[in-house]
Amino acid sequence: MATTHLKESAAAPASRVASAPRRPRGGRRPWAYLAPAVLLLGGVLGYPVLDGLWTSFNHSILTQPGADRFTGLSNYAAVLTDPVLLTAAWHTVLWGVANLVLQLVLGFALAMLMHQKLAGRAFFRSVVIIPWIVPSVVVALVWRFLLDPTSGPLNQLLLNLGLIDQSPQWLADESTAMPVLILLSTWKWTPLVAVILLAGLQTIPKELHEAAMLDGAGAPQRLRYVIIPGIRTSIALAGLLTVGYSVNNFNGIWMFTRGGPAGATETLTTLAYQYAFTQFDFGRAAAVAMILFAFLFLLSTVYFYLVEGRKR
Amino acid sequence: MRALGRPLVYAGALVAVVLFAGPFVFMVLSSFKQPQELNGVVNGFLPQSLYTGNYENLFATGNFALYFVNSAVVALLTTVLALVVAILAGYALARFPFTGRRLLLLAVVAMQMFPAVLMAIPLYKILRNLGMLDARSGLILVYVTFALPFCIWMMRNYFATVPKEIEEAALIDGCGHFRALWRVLLPPALPGVTAAGAFSMILAWDEFLYANTFVNSDEKRTLSVGLDSLVGQYTTDWGQLLAGGVLMTLPVVLIFAFLQRYLTQIAGGGVKG
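Rules and cut-offs
- Residues numbered from 1 in each chain as written.
- Chains lettered and ligands numbered in written order.
- Predicted model: local features only at pLDDT ≥ 70, side-chain atom pairs only at ≥ 80, totals over all residues.
- Heavy atoms only, no water.
- Helix = DSSP H or I, 4+ residues; strand = E, 2+ residues; numbered from the N terminus.
- Buried < 20%, exposed > 50% of the residue type's maximum accessible area, 1.4 Å probe, protein only.
- Contact = heavy atoms within 4.5 Å.
- Areas by Shrake-Rupley, 256 points an atom, 1.4 Å probe, with all protein chains shown as cover.
- UniProt positions renumbered as here; feature names shortened; annotations may be inferred.
- Buried area = accessible area lost by both parts, 1.4 Å probe.
- Salt bridge = Lys/Arg side-chain N within 4 Å of Asp/Glu carboxyl O.
- Axes fitted to C-alpha atoms, helices over the stretch in contact; angles between N-to-C directions.
- Parallel < 35°, antiparallel > 145°, perpendicular 65-115°, else oblique.
- Left-handed = near helix turned anticlockwise from the far one by under 90°.
- Nonpolar A, V, L, I, M, F, W, Y, C, P; charged D, E, K, R; others polar.
- Core = buried A, V, L, I, M, F, W, Y, C linked by side-chain atoms within 4.5 Å.
- pLDDT = per-residue confidence, 0-100.
- Expected span 1.5 Å × (residues − 1).
- Bend = angle between axes of the 7 residues up to and from the residue.

Draft legend 1. Examining the overall build of chain A more closely. A count of helical and extended segments in chain A gives 16 helices and two strands. Taking all 312 residues of chain A together, the buried fraction comes to 51%. A sequence separation of at least 24 residues applies to 64% of the contacts in chain A between residues at least 6 apart. For chain A, the accessible area works out to roughly 14,700 Å², and carbon and sulfur atoms hold 68% of it.

Draft legend 2. The overall build of chain B, seen in detail. Counting its secondary structure elements, chain B contains 14 helices and zero strands. Buried residues in chain B amount to 55% of all 273 residues. In chain B, once contacts between residues fewer than 6 apart in sequence are set aside, the share between residues at least 24 apart is 72%.

Draft legend 3. Highlighting the UniProt feature "transmembrane region" (unreviewed entry) in chain B. Per the UniProt record, "transmembrane region" (unreviewed entry) is found at residues 7-29, 64-91, 103-127, 139-159, 180-205 and 238-259 of chain B. As a span, residues 64-91 of chain B carries 100% helix and 0% strand, and end to end its C-alpha atoms are 40 Å apart.

Draft legend 4. Highlighting the interface of chain A and chain B. Listed per partner, the contact involves 103 residues of chain A and 97 residues of chain B. At the boundary of chain A with chain B, total buried surface from both sides reaches about 8,900 Å², with 76% on carbon and sulfur atoms. At the junction of chain A with chain B, the criterion picks out two salt bridges. We note a salt bridge from Arg258 of chain A to Asp228 of chain B, for which the minimum N-O separation is 3.2 Å.

Draft legend 5. Local environment of the environment of Leu292 of chain A. Looking at where Leu292 of chain A falls in the secondary structure, it is placed in helix α16 (residues 282-311). Residues Leu292 of chain A and Thr269 of chain A, spaced 23 residues apart in sequence, show a C-alpha to C-alpha distance of 8.0 Å.

Draft legend 6. How the structure looks around the pattern of salt bridges. Under the counting rule described, the total for this entry stands at four salt bridges over all chains. Here Asp51 of chain A ties to Lys125 of chain B by a salt bridge, and the two come within 3.3 Å at their closest N and O atoms. Here Asp51 of chain A, found in helix α3 (residues 29-55), pairs with Lys125 of chain B, found in helix α6 (residues 116-130), and the two come from separate chains.

Draft legend 7. Examining the UniProt feature "transmembrane region" (unreviewed entry) in chain A more closely. Residues given the UniProt feature "transmembrane region" (unreviewed entry) here are residues 31-50, 93-114, 126-146, 180-204, 225-247 and 285-306 of chain A. For residues 126-146 of chain A, helix accounts for 86% and strand for 0%, while the C-alpha atoms at its two ends are 23 Å apart.

Draft legend 8. Inspection of the environment of Ala135 of chain B at higher detail. All names here are of chain B. Here Ala135 is to be found in the loop between α6 and α7 (136-161). As a C-alpha pair, Ala135 and Lys220 span 85 residues in sequence and 6.8 Å in three-dimensional space. Excluding residues that lie within four positions of it along the chain, Ala135 makes contacts with Val215 and Lys220.

Draft legend 9. The arrangement of unusual backbone geometry in detail. All names here are of chain A. Backbone geometry places Arg258, a non-glycine residue, at a positive phi of 55 degrees. Mapped onto the elements of the fold, Arg258 is located in the loop between α14 (251-257) and α15 (268-277). With phi around 60 degrees, Phe280 is a residue other than glycine that occupies positive phi space. The topology assignment puts Phe280 in the loop between α15 and α16.

Draft legend 10. The packing of α3 of chain A against α6 of chain B, seen in detail. Interaxial distance between α3 of chain A and α6 of chain B falls to 8 Å at its minimum, and their mutual angle equals 110 degrees. Overall, the two elements α3 of chain A and α6 of chain B adopt an arrangement that is roughly perpendicular. The element α3 of chain A and its partner α6 of chain B pack so that their crossing is right-handed. Residues Gly43, Val44, Leu45, Tyr47, Pro48, Val49, Asp51, Gly52 and Thr55 of chain A of α3 of chain A pack against Met119, Pro122, Leu123, Lys125 and Ile126 of chain B of α6 of chain B. Looking at the contact of α3 of chain A with α6 of chain B, its residues break down into nine nonpolar, three polar and two charged.

Draft legend 11. A look at the side chain of Thr269 of chain A. Secondary-structure assignment places Thr269 of chain A in helix α15. Discounting chain neighbours no more than four positions away, the residues touching Thr269 of chain A are Val247, Asn248, Asn249, Phe250 and Leu292 of chain A together with Val117 of chain B.

Draft legend 12. A look at the nonpolar core. Membership of the largest hydrophobic core comes to 172 residues, with the highest contact counts inside it found for Met114, Phe124 and Val138 of chain A together with Phe24, Phe159 and Tyr210 of chain B. Take this core: its biggest share by element is 15 residues, from helix α4 (residues 64-95) of chain B. Contacts of Val138 of chain A, omitting those with residues within four sequence positions, involve Phe24, Met27, Leu227, Gly245, Met248 and Thr249 of chain B.

Draft legend 13. Broad picture of the confidence of the model for chain A. Residues and elements named next belong to chain A. Of the residues in chain A, 89% reach a pLDDT of 70 or more, and the chain-wide mean stands at 82. Ranking the elements of chain A by mean pLDDT puts helix α1 (residues 2-11) last, at 37, and helix α8 (residues 136-146) first, at 93. Low pLDDT, under 50, characterises residues 1-26; the predicted model gives this stretch 15 contacts beyond four residues in sequence or across chains.

Draft legend 14. Helix α10 (residues 174-201) of chain A, seen in detail. All names here are of chain A. The first and last C-alpha atoms of α10 sit 40 Å apart over 28 residues, in line with the 40 Å expected at 1.5 Å per residue. Where α10 bends most, at Trp189, the angle is about 40 degrees, and the proline Pro191 comes one to four residues later. Counting buried positions along α10 gives 22 out of 28 residues, so the element sits mostly inside the fold.

Have a look at this one:
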């Protein structure tokens, strides 16, 4: 142990030692602990991002090995003028905004319910999070069963109640596929938003509520001046995660419709996958993915400086 | 907190339970129904009898048991490896002052935003070069890495709350850094370890995109891909598929029942800076 310590301090650059003389356990030791993580994150996350960036500037098609060459911005030019991409981009915005609004509003309502002193609260809390913890392939399975046009229980129920005359093809109809998928994604992820907001609600001191009540604040005022400001950080985090997870959500679309019918549920995520693994055009797929990534990275950075940065 | 009237609260809670849990209760019930009850000839919420034929067919006809074992192996190894790497890294980030820590934290946030699709192509090429395409080890490598940002952050936050003095006392008593980490720092951070472990396990259990892209052989498939392919093959045999869904959900529900009190941490690990 002593020898390694000596070696470490001897190898440390002189300037660093001089600028930080009182650093009792600094030096290189943290890097020994960090090495496995850095290696994995660098090799399996960092390098692929750079490789993806590089691929997006290249003509790179899996079925034409050895024909890769640098083509500058031509992939970006190609995808940005592709009407399929513009439709998919519009679907992505619609998908992201609808998921954000629905999940934040419903998630807040659910969090308020989870926060109440109910008889059987522990049971209530564990039951309503079911959609979030159940694997996405099972979610797809259950809803495809429920929404099945001919034998599905939902259509049978609606028929029996006399609400519909003929069975709608919920997922195979261009006009209903996207709204249905948005509702299903909201259904799956709202519990997560609720749990994050609940964590925020639990940090608001009881005294604050009591003081507000003594001052004669009604429920709307307490919502406006105590609850919302108290969970602002949680709302920001939930919002960021919701946008990130929604935009990146591949399973919630692919397992139901594969982007169809006729591209009605195609988002940038499923489109990038189609480019890559059905057309094997890695260059174009990378360009689409980079556009997505740039957008999300910008969002995360803004979040970090607005919310996390302020706390320190 | 009496923001809402009592009856209204209970009514809301009831609606939420039916809405969020109803479909799964119905799935479990339907997995015990006979074919004629499932194809719409006979309607009923409850199964007419406790029919186990769907479960028997599931194991008799396909590779379901194999998918299940594959998923279990991948999820367990992913969890163990991710925890070991994250505990070491989280300790370094919480304890040793060094430049670049803020940058690493920013990277952790940004990594939670990484589009999985963006990584699919480069990872495909890397695994091909490593000879880990169409192998469970390739999936484990990718899952461990993807679980790391959250796990590291979780561990860092927990280690940061353990007073430095406790650790320093152990060091003075002749403990090495490594033993101090294991004996002194880890026990109070156990909730964090549990939350990070649950997160990794569920990530591996649920993941579909890479498992679908990197693994070709049917006998190496994990449950999510296996079940998805069964949905494609037997869209008419809902009973068998629902039975598969129930079995795939069971382990996750058990883990969460056990972890109920760490719930807000699992979801909000990122909230506490």
